[in-house]
Amino acid sequence: MSTVTRSASASPCMALNGIVDASLFPLKSTSDVVNLFRRSLTSAIEPDLTLLSIVVGYIELSLTTGEAAQAAQAAQATLGGSSDVIMGNSVPFPVVTHELIAGLYKKFQNILSVVEKPKPHRQATRDIIKKVSDVIWNSLIRSSYKDRAHLQNLYSYLSGNKLDCFGVALATTAGCQLLGYRDVRLAISEDHAWVVFGQKHVESIEVTWHGKGSEDKRGQDIGAGIESGSWLYLGGLAVVCERGMEVAAICVALNISLSANSDCVEVAELQQQLLWLLYDLGHLKRYPMALGLLGELEEINRTHRSIGCEQLFREAIESSRTHYHNHHVYPHIFQGNYYNRLLKYREAFAAWANAADVIRLYTYQCRDDEEIYKELLDIANELIPYVMKTESSGHSARSIIRDSEVFANLLRFYDGICQWEEDSLTPILHIGWAKPLVTNITKFDYDIRSQVVIKLPEDLEAEQAAALEAKKAAAAVAAAAATAEALLHLEGNNNNNNSVVKKDEPKSELPTTLADLTAACGEKILNPDFLLQGGGQPFADQKQQTAAVVAAEQTTSSEATHNNNNNCSNSNNTDKEAKTSTTTSNGGSSNTLTQLSPSEANETQQQKAQHKEAKLEESSNKSNALVEQAPLAPLVDDYDPFEIMLKRPVITLYSQKMKGLKDLLLAEKLNTHAISLQVTAQSVASRKVRGVADNRQPATISATITAISSAEGIGAGGGGGNAANAAASGASSASSGDSSTLAATRPKRTRRE
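Residues numbered from 1 in each chain as written. Predicted model: local features only at pLDDT ≥ 70, side-chain atom pairs only at ≥ 80, totals over all residues. Heavy atoms only, no water.

## Brief notes about the confidence of the model for the chain
Worth spelling out the cut-off: The quantity called pLDDT is the predictor's confidence in a given residue, expressed from 0 to 100. Here a residue-residue contact requires only that any non-hydrogen atoms of the pair lie within 4.5 Å.
Summary statistics for the chain give a mean pLDDT of 74 and a share of 61% for residues scoring 70 or more. In the model, residues 1-15 has pLDDT below 50 throughout and makes 17 contacts with residues more than four positions away in sequence or in other chains. The low-confidence segment residues 564-598, where pLDDT is below 50, has 15 contacts with residues more than four positions distant or belonging to other chains.

Dropping the structure here:
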């Protein structure tokens, strides 16, 4: 048996990658293609983008166009236009031969032969990349294929000279790799692609077009797009691919659609297995779009035992937050649409609101942000109204229209879109947005809407300032307490070491108020009388304790008086000689002191004072014990922020439109006309050049909205014309000055006057 040996130079597959050789061909099944990709990704040499793109492009077009597409259309017609999935395909899996791949590979080399190859250790320049892009651009058919499928791979280019905008960027990157410029990398946003180059991949260049028209952006830097705030460039936080991620981009670009209503199962299976291979090798950690696509494929046909689609959606969001500062919108949309399909509407509203929180970071550009505009418009005008209509048809207590958190997420969703519109030259929220918004809001009753705590950025700043002041005050109180304690300690040391304290000399003490404040600085209950009028004790606990001490003192004094009377009566009955003897009885103390020596008299007086202090201390301890045994009544606070935060959702509105709607949204009776006017009219009034704002316009519109709401509140049964007239009169009266206010408050004159 003879064998045929091919040399490395004769095989175009060996031109770049020494591991992938001709022995891998032919490829007859999905597993053969997966093995080819595994060999390319695990070898020491970087994968050949040209080879891999040609292989998967040939398989995709063979299974989704031509005879396969005609068979799919016939099968769809047989089903009568139903949404059933066509599990089989009449076209067998195409056999990928070595001769086919070799011929197309050689053709691509010949196209790029006009571009000079780099010298050793030489990096690409802007002119080199522009020249590669020009070669590919000039060989395309002169028409735009932006909205055509299956034009994003090199097989489409080499077999029919057709490429879409992503295909041109991929072909330019693969061409630079084929020429030997290894520093050129593909950069991908959520709807665009360009090229980065240089040692640290910080330089960028446009190599393709974007939009319906074929505007030529090639050769330009993307800095202008980033500065414009457009979502198209993700604020400079796009996915900059390594070689493995570029292979993932080739797999993500696979189009599984057979027709408008059917997909090819074989291509979907191939794409799913290739993405799992890349996932296992760690090439999808920094690629949120690929993780989201893999999650959708797993939702349709689960193939992994331990990792489900929900976990993949969470990983996509986590990747965006970790590596791109949460600047990617589609991971949240993937998750929201997934929960919506599972009828988990609460989670879906939260995910859509998170997507709006991301889009608020950008400024709407009409020509560049068309795709994401369509996605958000579909959510606002199709998905959310359908959910609200479904949930409001019944009377279930667990319906989302009885959930204040869902209402808060709905407001957060529209707040993000309104802020996306700000600073844009093109308004977003026209009447087509306003009608579903008003309809959705009216589904929530007042008792649900009133549970939402709406804050403004100004409120947050005030709260932060108040918290800072409270922190400073607490620090000042702690410093004062420490200073007072240090003074007391220092005074005690001075008395012990330096001064001789006489027995009769009174001890110096701090003022009673300062001492009480210092001792009870940790208490939280203050005495209002002390704070307002300066009388009484500073703390309520001290007030109770002092009252108990006074009562105990009065009891002690009464007992002492009773003992005095008894002792006096006993002393009167005794012999007269006992009167001159030394006695310690309280009765007749004045007579005894007159007959004792001065030193003995002082000693007796001190003993009596100590006895009295002991009595007072004992009564004070008893009163404290009674206070401790008695349970303290709970404090009644009408506004407990911690309790409210646990039960009521709190949101912050940042857009000017939604700020103006705050009072209208929480009103008991919704003024739908005023809400619609606020959403649509202000979008035209707020048009301004980026960085230049007119502060007078929002005030005028707010005054008009207030006038309309008051007019409709007075004449609820009137028509729209009366409301408009009332609005005009209200606006004119608001601008008339103080005289109108005085006239409104002046009492009416009687007929005689």
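Additional details are given in the paragraphs that follow.
## Notes on the nonpolar core
Note the following rule: Here, the term nonpolar core denotes a set of buried Ala, Val, Leu, Ile, Met, Phe, Trp, Tyr and Cys residues that are joined through side-chain atoms within 4.5 Å. A simple rule labels every residue: compare its accessible area, found with a 1.4 Å probe on the protein chains alone, to the largest value its type can have, and call it buried under 20%, exposed over 50%, or partly exposed in between.
Ranked by internal contacts, the top residues of the largest apolar core, which has 92 residues, are Phe37, Ile129 and Tyr157. Once residues within four sequence positions are removed from consideration, Tyr157 is found in contact with Phe108, Ile111, Val135, Ile136, Ser139, Leu140, Lys162 and Leu163. Counting residues in hydrophobic clusters, the runner-up holds 69 residues, among them Tyr330, Phe413, Leu456 and Leu653.

## A few points about the pairing of strand β1 (residues 185-188)
Let me state the cut-off plainly: Under the scheme used here, helices are H or I runs from DSSP no shorter than 4 residues and strands are E runs no shorter than 2 residues, and both carry numbers assigned from the N terminus. In short, DSSP must find at least two bridges between two strands for them to pair.
Every second residue of β1 is oriented toward a common face, with Arg185 and Ala187 on one face and Leu186 and Ile188 on the other, all of them buried. Where β1 and strand β2 (residues 193-197) come together, four bridges link them in antiparallel fashion. What sits directly across from Arg185, in β2, is Val196. Alignment of β1 against strand β4 (residues 239-240), held across two bridges, turns out to be antiparallel. Across the sheet, the residue bridging to Ala187 is Val240, located in β4.

## Comments concerning the packing of aromatic side chains
Note the cut-off: Classification of ring pairs rests on two measures: the distance between centres of Phe, Tyr or Trp rings, Trp counted by its six-membered ring, which must be within 6.5 Å, and the angle between planes, read as stacked under 30 degrees, edge-to-face over 60 and tilted in between.
Across all of its chains, the model carries 16 aromatic pairs by this definition. Here the aromatic rings of Trp194 and Tyr233 are separated by 5.3 Å at their centres, their planes lie at 45°, and the arrangement is tilted. You can see Trp194 sitting in strand β2 and its partner Tyr233 sitting in the loop between α8 (223-227) and β4, a full 39 residues away along the chain. The class of Tyr233 is buried, set by a relative accessible area of 4%. Here Phe349 and Trp352 contribute two aromatic rings whose centre-to-centre distance is 5.8 Å and whose plane-to-plane angle is 55°, an arrangement assigned as tilted. You can see Phe349 and its partner Trp352 sitting in helix α14 (residues 345-359), three residues apart, about one turn around the helix. With a relative accessible area of 2%, Phe349 lands in the buried category. Within the aromatic cluster, the residues linked to one another by ring pairs are Trp231, Phe313, Tyr330, Phe334, Tyr338 and Tyr339.

## A short note on the pattern of salt bridges
For clarity, the cut-off: Salt bridges are defined by distance alone: a side-chain nitrogen of Lys or Arg within 4 Å of a carboxyl oxygen of Asp or Glu.
A complete count under the given rule lists 17 salt bridges for this structure. Here Lys130 and Asp134 are joined by a salt bridge, their closest N and O atoms 3.1 Å apart. Of this pair, Lys130 and Asp134 both sit in helix α5 (residues 126-138), four residues apart, which is roughly one turn of that helix. The shortest N-O distance in the salt bridge between Glu370 and Lys374 comes to 3.4 Å. Taken together, the residues Glu370 and Lys374, both in helix α15 (residues 370-392) and four residues apart, mark about one turn of the helix. Since its relative accessible area comes to 43%, Lys374 is described here as partly exposed. When salt bridges that share partners are traced, they join Glu46, Arg182, Arg243 and Glu246 into one network.

## Some thoughts on the environment of Ser31
Here is the rule: Counted as a polar contact is a pair of N or O atoms within 3.5 Å, where, for protein atoms, one must be capable of donating a hydrogen and the other of accepting one, and residues adjacent in sequence contribute only when both atoms are in side chains.
For Ser31, the position within the fold is in helix α1 (residues 30-42). Separated by 2.9 Å, the side chains of Ser31 and Ser29 make a polar contact.

## Comments concerning the sheet that holds β1
Here is the rule we go by: Lines fitted to C-alpha atoms define the axes, with helix axes restricted to the stretch in contact, and inter-axis angles between N-to-C directions lie between 0 and 180 degrees.
In space, the four strands of this open sheet follow the order β3-β2-β1-β4, with antiparallel pairing throughout. A single partner strand is all that each edge strand has here, and the edge strands are β3 (203-205) and β4. Here helix α9 (residues 243-252) sits on the sheet and contacts β1 and β4; the angle it forms with β1, its principal contact strand, is near 55°.

## Examining the side chain of Asp368
For Asp368, the position within the fold is in the loop between α14 and α15. Apart from residues no more than four positions distant in its own chain, Asp368 is found in contact with His210, Lys217, Ser230, Trp231 and Leu232.

## Quick notes on unusual backbone geometry
Phi at His325 is positive, roughly 55°, even though this residue is not glycine. Tracing the backbone through its elements, the reader meets His325 in the loop between α12 (309-323) and α13 (330-341). Its identity is not glycine, yet Leu343 carries a phi of approximately 65°, on the positive side. Of note, Leu343 is situated in the loop between α13 and α14.

## Regarding the pairing of β2
Burial within β2 is extensive, with five of its five residues counted as buried. Covered by surrounding structure in β2 are Ala193, Val195 and Phe197 together with Trp194 and Val196, the residues of both alternating faces. A loop of four residues connects β1 with β2, the two strands running antiparallel in sequence. As paired strands, β2 and β3 are joined by three bridges and run antiparallel to one another. The partner of Val196 across the bridge, within β3, is Ser204. In this antiparallel pair of consecutive strands, β2 and β3, the connection spans five residues, and Gly198 shows a positive phi of 105°.

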